[in-house]
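Per-entry structural report
Chain by chain, the residues run as shown.
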Amino acid sequence: MDQYGLSPDKPIKLSDFDPDDGEGFKSKSDAQRQLRKDLMRIRVLQEALYAEHKQSLLIVLQAMDTGGKDGTIEHVCGAVNPQGVVVTPFKVPSAEELAHDFLWRVHKVTPARGMIAVFNRSHYEDVLVVRVHDLAPKEVWSQRYELINQFEKHLTANGVVILKFFLHISKAEQKERLLDRLNTPDKQWKFAVGDLKERALWDQYQEAYEDALNKCTTAAAPWYVIPANRKWYRNYLVARIIRQTLEAMNPQFPQPAEDLSQVVIED
């Protein structure tokens, strides 16, 4: 997975990453077989994490419109026990949220010990949408990169392991997915005319994402650029990285609080 993980000392250009990548598999079915194995392992590890109640995992999903955040949540994160997972979508801030600092609404939904939290969009919107649409002056949003790094460092110091995934699709693939939504009755609810206005700002978003990825990749909270044109490969990569991360966290089922060796359950 190293080829997809970014390093703090190696700035990247998104154009260097191929969103069509599907390396290592002869077929889609091969990847899906491995995905099923990884998801079974993740489910066991998540149960141990929940029972141990010492660590937690934060998964951040960012992408351009149609990039696959919802699909990743459904096909990867949906495989675990819902009791131990909280998914938070970050939409346009409410009046109450705007009355606080930009991290206020984020901090209150970070994962408790034993939990996995999944952010569908995240605090990074405040250096993406805010920047592209000029919702705050540069002297404001440009300071947020370091504030985000400090915030994530604080989380990791308190037992939160952070995985950040940028689901990387091409502009041509986005067009195909938008057309599919527009022309499929059961998917039209997902289509918004405003998506076309965002699409017109593609280059500005690519530049904003590159800055966010480069400035907010740290050893403690790395970014992964996931090629996402092929949904099956996207799902495989995200699941494999989550599995490897949970295995490194090595959660353990706790010992019973009492001696159970002499317990007898009567008929």
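Residues numbered from 1 in each chain as written. Predicted model: local features only at pLDDT ≥ 70, side-chain atom pairs only at ≥ 80, totals over all residues. Heavy atoms only, no water.

Considerations on the side chain of K69
Along the polypeptide, K69 turns up in helix α2 (residues 69–75). It turns out K69 is buried and unbridged, and the closest side chain with the opposite charge, D65, is 5.3 Å from it. Beyond its immediate sequence surroundings of up to four residues, K69 is in contact with L61, Q62, A63, M64, N120, R121 and L167. (Helix = DSSP H or I, 4+ residues; strand = E, 2+ residues; numbered from the N terminus. Buried < 20%, exposed > 50% of the residue type's maximum accessible area, 1.4 Å probe, protein only. Lys, Arg positive; Asp, Glu negative; His and termini not counted. Salt bridge = Lys/Arg side-chain N within 4 Å of Asp/Glu carboxyl O. Contact = heavy atoms within 4.5 Å.)

Quick look at a nonpolar patch on the surface
A surface patch of nonpolar side chains, about 340 Å² in accessible area, is lined by L260, V263 and I265. Among the secondary structure elements, I265 is positioned in the segment after α11 (231–249). (Patch = residues over 30% accessible without salt bridge, like charges linked within 9 Å, V, L, I, M, F, W, Y side chains within 5 Å. Areas by Shrake-Rupley, 256 points an atom, 1.4 Å probe, with all protein chains shown as cover.)

Focus: the environment of E139
Tracing the chain through its elements places E139 in helix α6 (residues 138–141). On a C-alpha basis, the gap between E139 and D20 in space is 36 Å, while along the polypeptide they are 119 residues apart.

Some thoughts on helix α8 (residues 171–183)
Taking 1.5 Å of rise per residue, 13 residues should cover 18 Å, and α8 covers 18 Å from first to last C-alpha, within 8% of that figure. Within the span of α8, buried status applies to Q174, R177, L178 and R181. Buried residues in α8, looked at end-on, bunch into an arc of 100 degrees, giving them a common side. Of the residues in α8, the exposed ones pointing more than 90 degrees away from the buried face are A172 and N183. (Expected span 1.5 Å × (residues − 1). Arc of directions from axis to C-beta.)

Quick look at the pairing of strand β4 (residues 160–168)
The buried fraction of β4 amounts to 8 of the 9 residues, a majority that puts the element mostly inside the structure. Of the pairings in the sheet, the one linking strand β1 (residues 56–63) to β4 comprises 8 bridges and is parallel in character. Each bridged residue has a counterpart across the sheet, and for S56 the counterpart in β4 is V160. As paired strands, β4 and strand β5 (residues 223–227) are joined by 5 bridges and run parallel to one another. Paired with L167 across the bridge in β5 is I226. (Pairing = 2+ DSSP bridges.)

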